[in-house]
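Residue strings, one per chain:
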Amino acid sequence: MWRLAALALQCPPHRNPPAAVTELIPLIDAIDAVLPQTQCTKCGYQGCRPYAEAIAAGDAINKCPPGGQAGIAKLAQLLDRPAIPLDTSHGEEPTELKVAFIREAECIGCTKCIQACPVDAILGAAKLMHTVISDICTGCDLCVAPCPVDCIDMVPAADQQPSATAVQQKADLSRERFNRRNTRLQQQADARAARKQARIEFHEQTENASSEARNAAVLAALAAVREKAAQQSVDEQRVKLEKTLAAAEERFARAEAKVREAEQRQPEQLSVLLARREDMRFKVEETRKKLAALDTPAPAASTDAARSAVERMLAARSRKTDRQRLDEALATLDNKLAALQQQLASADGEEAIFLQEDIERLQRKREQLLAE
Ligand code: SF4
Ligand code: SF4
Ligand code: SF4
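Residues numbered from 1 in each chain as written. Chains lettered and ligands numbered in written order. Predicted model: local features only at pLDDT ≥ 70, side-chain atom pairs only at ≥ 80, totals over all residues.

**Here's the deal with the overall build of the protein**
Consideration 1: Scanning the protein from N- to C-terminus turns up eleven helices and four strands.
Consideration 2: Put simply, 62% of the contacts in the protein that link residues at least 6 apart link residues at least 24 apart. (Helix = DSSP H or I, 4+ residues; strand = E, 2+ residues; numbered from the N terminus. Contact = placed C-beta atoms within 7 Å.)

**Remarks on the packing of helix α3 (residues 25-34) against helix α5 (residues 68-79)**
Helix-helix packing: each pair is described by the crossing angle between the helix axes and the interaxial distance.
Consideration 1: With their axes 9 Å apart at the nearest point, α3 and α5 run at an angle of 160° to one another. Looking at the two axes, α3 sits roughly antiparallel to α5. Our pair here, α3 against α5, has a crossing hand that is right-handed. On α5, the residues that touch A30, I31 and V34 of α3 are G71, K74, L75 and L78.
Consideration 2: The residue inventory of the contact of α3 with α5, partitioned by class, reads five nonpolar, one polar and one charged. (Axes fitted to C-alpha atoms, helices over the stretch in contact; angles between N-to-C directions. Parallel < 35°, antiparallel > 145°, perpendicular 65-115°, else oblique. Left-handed = near helix turned anticlockwise from the far one by under 90°. Nonpolar A, V, L, I, M, F, W, Y, C, P; charged D, E, K, R; others polar.)

**Looking at helix α10 (residues 322-345)**
Consideration 1: Counted at 1.5 Å a residue, the expected span for α10 with its 24 residues is 34 Å, and the 35 Å between its end C-alpha atoms agrees.
Consideration 2: For α10, the buried fraction is low: one of the 24 residues fall into the buried class. (Expected span 1.5 Å × (residues − 1). Buried ≥ 20, exposed ≤ 12 C-beta atoms within 10 Å, placed from the backbone.)

**Quick word on the confidence of the model for the protein**
A low pLDDT means the predicted coordinates there should not be read in detail.
Consideration 1: Looking at the protein as a whole, its pLDDT mean stands at 83, while 83% of the residues score no less than 70.
Consideration 2: Every residue in residues 1-15 is under pLDDT 50, and counting partners more than four places away or in other chains gives 31 contacts. (pLDDT = per-residue confidence, 0-100.)

**Here we look at the nonpolar core**
Consideration 1: Ranked by internal contacts, the top residues of the largest apolar core, which has 17 residues, are A100, C117, V132 and C143.
Consideration 2: No other element matches the three residues that strand β1 (residues 98-102) contributes to this core.
Consideration 3: Those residues within four positions of C117 in sequence are excluded, and the remaining contacts are I122, L142 and C143.
Consideration 4: Within the second largest apolar cluster, 15 residues are counted, among which are V34, Y51, A52 and C64. (Core = buried A, V, L, I, M, F, W, Y, C linked by C-beta atoms within 7 Å.)

**Some remarks on the site of ligand 3**
Consideration 1: Neighbouring residues of ligand 3: 15 residues in total, closest C107, C110, K112, C113 and C147.
Consideration 2: Along the lines of polarity and charge, the residues of the shell around ligand 3 split into ten nonpolar, four polar and one charged. (Near = placed C-beta within 6 Å.)

**Points about α3**
Consideration 1: Among the residues making up α3, those that are buried are I28, I31, D32 and V34. Angularly, the buried residues of α3 cover 155° about the axis, an arc narrow enough to put them on a single face. Structural note: α3 exposes P26 and D29 on the side pointing more than 90 degrees away from its buried face. (Arc of directions from axis to C-beta.)

**Focus on the environment of A247**
Consideration 1: Turning to its location among the elements, A247 is positioned in helix α7 (residues 164-265).
Consideration 2: On the basis of neighbour counts, which here come to 15 C-beta atoms within 10 Å, the residue A247 falls in the partly exposed class.

**Considerations on the environment of Q39**
Consideration 1: Considering the arrangement of structural elements, one finds Q39 in the loop between α3 and α4 (48-56).
Consideration 2: Taking the number of C-beta atoms within 10 Å as the measure of exposure, Q39 has 27 and is therefore buried.
Consideration 3: For the pair formed by Q39 and A171, sequence separation is 132 residues and the distance between their alpha carbons is 9.9 Å.
Consideration 4: Each residue touching Q39, except ones within four places of it in the same chain, is listed here: G47, C48, P118, V119, T138, C140, S174 and F178.

**Focus: the packing of α3 against α4**
Consideration 1: For the pair α3 and α4, the least separation of the axes is 8 Å and the interaxial angle reads 125°. As the angle between them shows, α3 and α4 are arranged oblique. α4 is crossed by α3, and the crossing has right-handed handedness. Judged by residue contacts, L27, I28, I31 and D32 of α3 engage C48, R49, A52, E53, I55 and A56 from α4.
Consideration 2: Each residue belonging to the contact of α3 with α4 can be placed in one class, and the counts come to seven nonpolar, no polar and three charged.

**Considering unusual backbone geometry**
Consideration 1: Located in the positive-phi region is T111, a residue other than glycine, with phi close to 75°.
Consideration 2: Within the element layout of this structure, T111 appears in the loop between β1 and α6 (112-116).
Consideration 3: Look at T111 and you get partly exposed, because 16 C-beta atoms sit within 10 Å.
Consideration 4: Even without a glycine there, the phi angle at D120 is positive, about 55°.
Consideration 5: We classify D120 as partly exposed; it has 14 C-beta atoms within 10 Å.

Here's what the structure looks like:
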């Protein structure tokens, strides 16, 4: 009995109780029907129904001041228990019926009384004057304490001697309004909890999604930049090396032809021309090696270092203006030209011819740069 009643206590009035509790409901209903439905909580429970459930579970029947001694007598008869005196630690039995009255001129419209009223007997809205519907007010006085400006008085009800029928009708009305209010508050609490849970889940999902998406985007961008820089670097190097190789092969072919010619006509110049041809051969072979190395993947360990070096180089290059790059290229060419012209001044024979070719090539390149 105690255990089943305890289960019943945990079950809000608008929810379906567990099957084992249903057999207690007729008893609880019968007790609740005897209680005055003032919903004042003076018994120590959150209204008359919870106290009825506690009584069904074995609690004392003398804790309801509004019901008074007459109420205790009815409960004692219903439950076949002795009619004990009212436990005045819960309050004295009222000597007159009271209702709440709001001094409307002083009301600041804070709505605290509305939130406290167990039977929705107060009308009003935020920042507007409030008033009590005295026919519905049970006189529980739960609205008095929360009022911050102390503008609620408990005043004698207009009808101090209501008929038994009127008392019963008001009790039924109070029970119905109390249950309806509790159902509404529970639904609001459920809705708030559901919204909060949905917000938490949405937040967690978007947090995870955005964090993953952010990481993926950063990694993809980094990989794309590295890939592009590496590819640009390889392409640029290949174009340069192919040009260098073509020039070196052409010069090697010319050096080779001059060697053949000198073998027959100018043997005294053969040693210089042979050295020149070997230089050109070396240049061709070195350039071919560099080109072959471009197509060989770098070892994994050095790939990142190479990429960072390329990125640094590209970053440094991007910081220079086109004009700066042109000036630097012209200065380099001018230095090389000056050095070649210095060598030409003391050169003769084939060496002078080759130096003159180099000078003309650099001068063409210089004009080309200026034209661009
Ligand atoms: S009238 Fe007040 S004291 Fe009596 S049972 Fe209802 S809530 Fe409890
Ligand atoms: S108006 Fe005040 S006294 Fe009347 S039922 Fe509501 S809370 Fe109780
Ligand atoms: S608690 Fe007092 S001030 Fe606030 S709305 Fe109610 S009567 Fe007005």
